[in-house]
Amino acid sequence: MGDFVESSITKTAARKLTAPIADITAFNSIVAGVIADNPWNCTAYQVGTESYQPVTKSKEAYSARIAYQNEDAKTVGTVSAKAPTVAGFNSAVTAVLADTALQTAMGAVACSHAGDDDTFSATLKCHDANGEVYTVTFSRSQVTIGSYSDDAIKTAVETWADTVPALA
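Description of the structure in this document. (Residues numbered from 1 in each chain as written. Predicted model: local features only at pLDDT ≥ 70, side-chain atom pairs only at ≥ 80, totals over all residues. Heavy atoms only, no water.)

## Quick look at the overall build of the protein
Then step 1. The helix and strand tally for the protein stands at 4 helices and 9 strands.
Then step 2. The linear arrangement of helices and strands in the protein, starting from the amino end, is β-α-β-β-β-β-α-α-β-β-β-β-α.
Then step 3. Taking 15 Å as the expected radius of gyration for a compact globule of 168 residues, we find that the protein reaches 20 Å, considerably beyond that expectation.
Then step 4. By sequence separation, contacts in the protein at least 24 residues apart represent 61% of the contacts at least 6 residues apart.
Then step 5. Of the roughly 9600 Å² of accessible surface on the protein, 52% is carried by carbon and sulfur atoms. (Helix = DSSP H or I, 4+ residues; strand = E, 2+ residues; numbered from the N terminus. Rg over C-alpha atoms; globule rule 2.2 N^0.38 Å. Contact = heavy atoms within 4.5 Å. Areas by Shrake-Rupley, 256 points an atom, 1.4 Å probe, with all protein chains shown as cover.)

Below is the structure:
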């Protein structure tokens, strides 16, 4: 029998944020900024005949929480809406808040977007100049670098994150 031979070492590193990212607008601004500005100096690359941008969004998910209150302002129910995009998230919040039949079914006299309970996640796929493809996943409370082996990648992401107040 042949032995398994280690061919690479990949690492994962996470930064827990001291406070959650404020809202979907701030979250989207951070993610869109990385894609547009390429702060880690990622490079375009090709696999076979397919060309890829230096930084691309590989997956994302956004969940909103709507709370329903009775006449005493006590929460009597909640609804979550999960969307695949920021635009879908915003549209879902608007639609659920406008759904008076659902509000009545909840036995509520009012509803509101409970933004502090929202969750966001976006994973960026990045191609380092050294040839490594790694990921950076943003959530509301953490940033995770995955599938890298060169510590310079972690240093570059960490140095950039230190300049973004929401990622403290």
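Back to the text.
## Some points on the nonpolar core
When a protein is soluble and globular, its nonpolar side chains tend to lie buried together.
Then step 1. Judged by nonpolar contacts, the single largest core of 39 residues is most densely connected at Trp40, Tyr134, Phe138, Trp160 and Leu167.
Then step 2. Contributions of two or more residues to this core are made by helix H1 (24-37), strand E4 (55-69), strand E5 (75-83), helix H2 (86-98), strand E7 (119-127), strand E8 (133-139), strand E9 (142-148) and helix H4 (151-161).
Then step 3. With residues near it in sequence (within four places) discarded, Phe138 still touches Phe27, Ile30, Val31, Val34, Trp40, Phe120, Ser121, Ala122, Leu124, Val143, Trp160 and Leu167. (Core = buried A, V, L, I, M, F, W, Y, C linked by side-chain atoms within 4.5 Å. Buried < 20%, exposed > 50% of the residue type's maximum accessible area, 1.4 Å probe, protein only.)

## Examining the packing of aromatic side chains
Then step 1. In the structure shown here, the tally under the stated rule is 7 aromatic pairs.
Then step 2. Taken together, a centroid distance of 5.8 Å and an interplanar angle of 80° make the contact between Phe89 and Phe120 edge-to-face. Here Phe89, found in helix H2, pairs with Phe120, found in strand E7; they are 31 residues apart in sequence, far enough to count as distant.
Then step 3. Taking the relative accessible area as the measure of exposure, Phe120 reaches 3% and is therefore buried. (Phe/Tyr/Trp six-rings, centres within 6.5 Å; stacked < 30°, edge-to-face > 60°.)

## Notes on H4
Then step 1. If you check which residues of H4 are buried, you get Ile153, Val157, Trp160 and Ala161. All buried residues of H4 fall inside an arc of 105° around its axis, so they share one side.
Then step 2. Residues of H4 that are buried make contact with strand E1 (11-16), H1, E8 and E9.
Then step 3. Of the residues that open H4, the one with a side-chain oxygen 2.9 Å from the backbone nitrogen of Ala152 is Asp150. (Arc of directions from axis to C-beta. Polar contact = N/O pair within 3.5 Å; in protein donor to acceptor, adjacent residues only side chain to side chain.)

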